[in-house]
Each structure stands twice: as structure tokens, then as C-alpha cells.
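Here is what each chain is made of, one letter per residue.
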Amino acid sequence: MVESWVGAMSSLLPRAVREAGARFTFLTRDLHHYLRSTATHPHPLLAADNVLTAETNDLDALLPHVERLHGVLGFDGVITSCDYYLETVARIAHHLGLPGSDPEAVRRAYRKDLTRQALPDLSPRFALGTAAEVLAHDLAYPVVVKPVDLCAGMFVRRADDPEQLKEAIAAIEGFPVNARGQAREPLVLLEEFLTGPEFSVETVSHGGTTHVIGVTDKSTAGSPWFVESGHMFPADLAEGTAADLARTAVAAVDRLGLTLGVAHTEVKLTPGGPRLVEVNPRPAGNQITELVRRTTGIDLPMVHARLALGEEPDLRRVPTGAASAAIAFLLPERAGVVGSITADLDRPEVVDWATKPAGHEVGPATSNNNYLGHVMVVDRAHGARARAEELLAGVSVAYR
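Residues numbered from 1 in each chain as written. Predicted model: local features only at pLDDT ≥ 70, side-chain atom pairs only at ≥ 80, totals over all residues. Heavy atoms only, no water.

**Some words on the overall build of the chain**
Working step 1: Assigned secondary structure in the chain consists of 12 helices and 17 strands.
Working step 2: In terms of its C-alpha atoms, the chain occupies a principal-axis envelope of roughly 55 × 55 × 50 Å.
Working step 3: Considering the chain as a whole, with its 400 residues, one finds that 52% of them fall into the buried category.
Working step 4: Considering only residue pairs separated by 6 or more positions, the chain has 69% of its internal contacts joining residues 24 or more positions apart.
Working step 5: Looking at the chain as shown, the accessible area adds up to about 17100 Å², and 51% of this sits on carbon and sulfur atoms. (Helix = DSSP H or I, 4+ residues; strand = E, 2+ residues; numbered from the N terminus. Buried < 20%, exposed > 50% of the residue type's maximum accessible area, 1.4 Å probe, protein only. Contact = heavy atoms within 4.5 Å. Areas by Shrake-Rupley, 256 points an atom, 1.4 Å probe, with all protein chains shown as cover.)

Now the structure itself:
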């Protein structure tokens, strides 16, 4: 396991690896990155058989180093949950002759600019280039401004005029190195603003087929930002509409060349039909995989682990008693220090909830990195999302 997120997937993936009957070595460049956040269970540093340090941002040095480790430890697969190391993992797997998608395919999927260039017919109209080049764009306002190689919605925002566009580009340029110490691509992606609700399609590719697990709905907040405020699985859609979204996602995954792995593909349902937002060649974050598991029994982190091991994944659906599951996120009203969070969430339909402790310092709600908490609900019908939002509305936050 090369690096990891420090959110939910930092515990979901180690748990899945262990429950798959496997053991893992954790490789990181910075142990302290995993000690600064609130402990999760199982924590990747505690669940691993071995914790080793290496410069994971230097692929030329990392490949021979991992090859030497492979000679001693005998790895059966390579895995990560962190977007910034998806291509690294694919290149290690290819170098060692272990299971994985083509590294170039993973790179095309992870990089938003390369996805747009590879799939222009599925994508919105876009302009790509340096700051100066995109400022001379010919797209009609409003536009959506994006960095090409960040995640969690960081610096993604709507611009309604040239001044807002300049402000958005300046913010991106002011973040030249990501949170893992990697130098960023000096490119900006500009897209036409798409109207309509957004969904994600969860898929599994193996054996020459991309299997659709289902469609997840998404709610966003914080205009001009696009912060994910909640999800429900499965989305409450007509069968034909869900099939249209799924076809777009499968076409994107297959044409990018992702032949082995779990993918989380975001699609907008516009008046003109589905349009591709982005393809993520890894299991969904924000606990969407838990919504899938609680409704279908399919454990996507487990599937992710088994595919990395070259094993056949179990995609059979089993009765869970839940027709829908939803998660709603508590967003900060402003930046500040939490004094207290009061929540009454001890209800039978609530299967998971958490809030930040007093003293937590939070930034503004401009990305998915600043949640103050969440509540997850299951329902025997399609009412999970409404119930989660209702319960979250009763949570109160006091700032110091």
C-alpha cells in the first residue's frame, strides 16, 4: 500500500485487505502525515505488517527500491486509496508484473485535462492552457474553473465574469505544490457551466467487462464552489435515466483503457443528456462505498483489494434490509474554531455519525476537506436522503 488518504478510506481499505485474507506493507514518505489527523480504526500504520519510509514522489528511485523490497517480501499486489499515487501504483505494478490497469490509462483518468482531450465527445466544451491562454477563452460565461491535478473539489469554482475568472486562476496559481509535496501541473481547465443534477456511477472492470454497480446521487452547496454536501445510493431515478448515465460512465472507463479496477465516474444529467464530469480510477470517497455496501452487500474496498491481488471479485448482491442509504455532511458556516457541536442522532435508522471536537479549527466551506461532521442513514424505501438531511438540520454548531 503506497500512501493513503487520511479520511474514511484510510480505515476502509486496510480493513478490506485484512478481511480478504491478505497482509500489507505500508510505504510512505512522511509518517507524520498520518499522525496529525484524528485516529481511524484500523489505522494504516497499525494494520500494516511493515511500515517503511521511502521517497514516494520520486518514481525513478522508487521503482528499483520497491523491486528490492519485492525480492524480500514477495508482494502479490500494489494498492493505494490516494489519488496522488494512483499512477505511481500502476507503474509499480507494471514494473513488478503484478495486476493493474495500463499506467497510461490511469494517468489519462486521473488528470482532468487528459480525460477531456481523450473524450471530447462525452465532455462539456472546454479550454485548456496556462493562465494567460485560458484568459483568452471563447466560452460563454458562466464557466467552471479547475486545476487539472487536484481532488476533493479543491479550487473548483464557477466564474460569472472575467474578474471572477482572474480571481479563480490566481488562487490555483497560488497553490503550486499539493498536500503531498508534489509539484503541480501549471495548467488551468476551463469548462462550460453545465446545468442539471450530478450523479456518480460506481463500476468494476475486470475480465474484459465493466460492470455497473449502481448510480449515486449527489447534492452540492456553497456556490460558487461545488462542495459535496451529501449522497444517496441508489439514486432515485427512472430505470432509463439510470441506464443513460451508466452508459456514459462505461464508455468513459472503457475508452480511457481502464481494464482492471474500481472506478467512480461523475456525470451531469443536462437537458441535452449526460455529460462527463470526471473519471476517478479508484473506489469512491465520502463513504459512498459504505452506502453501496449497506444496500447491496457489495464491498467495493474489498473488490479493490481482490483485483489488486489478481483475484476474482464478489459482485453478488445480497439482501441487506435497506433499499437506500444516504450520507449528509455538516458544512461550516464560516471559518473559525469550534466551541461545541450539539447533535441528537441516536436513532435506529442512523448507522454512523461523527462530529469534530471542540477546539477544531475549520476553514471556509470551499472544498470537501472542511466538513464538521456527517450522519449516515438507511431506509427501507428511497427516503434515506431526506431523512439524513432532516437529522443534519437539527445539529447545531457554536464557534469560539
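**With respect to the pairing of strand β16 (residues 373–379)**
Working step 1: β16 sits mainly inside the fold: six of its seven residues count as buried.
Working step 2: Note that strand β12 (residues 324–330) and β16 share seven bridges and pair antiparallel. Residue pairing across strands places alanine 328 opposite valine 375, the latter belonging to β16.
Working step 3: Where strand β14 (residues 350–355) meets β16, five bridges bridge the pair, whose relative direction is antiparallel. Opposite threonine 355, over in β16, you have glycine 373 as the bridge partner. (Pairing = 2+ DSSP bridges.)

**Considering the packing of aromatic side chains**
Working step 1: The full count for this structure, using the stated rule, is four aromatic pairs.
Working step 2: Between phenylalanine 155 and phenylalanine 175, the ring centres sit 5.2 Å apart and the planes meet at 45 degrees, which makes this aromatic pair tilted. Separated by 20 residues along the polypeptide, phenylalanine 155 in the loop between β4 (143–147) and β5 (157–159) and phenylalanine 175 in the loop between α8 (162–173) and β6 (188–192) bring together distant segments of the chain.
Working step 3: On the accessibility criterion, phenylalanine 175 (21% relative accessible area) is partly exposed.
Working step 4: When the ring of phenylalanine 329 is compared with that of tyrosine 371, the centres are 4.2 Å apart and the planes differ by 10 degrees; the resulting orientation is stacked. Here the residue phenylalanine 329 occupies a position in strand β12, and tyrosine 371 occupies one in the loop between β15 (361–362) and β16, the gap between them amounting to 42 residues.
Working step 5: Its relative accessible area of 11% is what places tyrosine 371 among the buried residues.
Working step 6: A cation over an aromatic ring shows up here: arginine 158 above the ring of phenylalanine 193, its NZ or CZ 4.6 Å from the ring centre.
Working step 7: The ring of phenylalanine 193 has lysine 268 sitting right over it, with the charged end atom 5.4 Å from the ring centre. (Phe/Tyr/Trp six-rings, centres within 6.5 Å; stacked < 30°, edge-to-face > 60°. Lys NZ or Arg CZ within 6 Å of the ring centre and 35° of its normal.)

**Details of helix α1 (residues 9–19)**
Working step 1: Of all 11 residues making up α1, nine are buried, and the element is well covered by its neighbours.
Working step 2: Of all the positions in α1, only Met9, Ser10, Ser11, Leu12, Leu13, Pro14, Arg15, Ala16 and Val17 are classed as buried.
Working step 3: Here the buried face of α1 lies against α2 (44–47), α10 (288–296) and α11 (300–308).
Working step 4: Two residues or fewer past α1, glycine 21 is found with a positive phi of approximately 85 degrees.

**A word on the domain arrangement of the chain**
Often, the extent of an interface is quoted as the loss of accessible area on bringing the components together.
Working step 1: Per the domain assignment, the segments of the chain are domain 1 (8–108), domain 2 (125–192) and domain 3 (323–399).
Working step 2: Computed over C-alpha atoms, the centres of domain 2 and domain 3 are 30 Å apart. (Domains from an automatic or database assignment.)

**A closer look at the packing of helix α3 (residues 59–73) against helix α4 (residues 86–96)**
Working step 1: Close contact between α3 and α4 brings their axes to 10 Å; oriented N to C, the two are set at 50 degrees. The angle between α3 and α4 falls in the class oblique. Regarding α3 and α4, the two cross each other, and that crossing is right-handed. In this structure, α3 uses Leu59, Leu62, Leu63, Val66, Glu67 and His70 to contact α4, whose residues at the interface are Thr88, Arg91, Ile92, His95 and Leu96.
Working step 2: Looking at the contact of α3 with α4 residue by residue, the class counts come to six nonpolar, three polar and two charged. (Axes fitted to C-alpha atoms, helices over the stretch in contact; angles between N-to-C directions. Parallel < 35°, antiparallel > 145°, perpendicular 65-115°, else oblique. Left-handed = near helix turned anticlockwise from the far one by under 90°. Nonpolar A, V, L, I, M, F, W, Y, C, P; charged D, E, K, R; others polar.)

**Comments concerning the pattern of salt bridges**
Working step 1: Tallying each qualifying case throughout the model produces 33 salt bridges.
Working step 2: Here aspartate 314 and arginine 316 are joined by a salt bridge, their closest N and O atoms 2.9 Å apart.
Working step 3: Looking at aspartate 314, the relative accessible area reads 40%, which means it is partly exposed.
Working step 4: Assessed through its relative accessible area of 62%, arginine 316 is described here as exposed. (Salt bridge = Lys/Arg side-chain N within 4 Å of Asp/Glu carboxyl O.)

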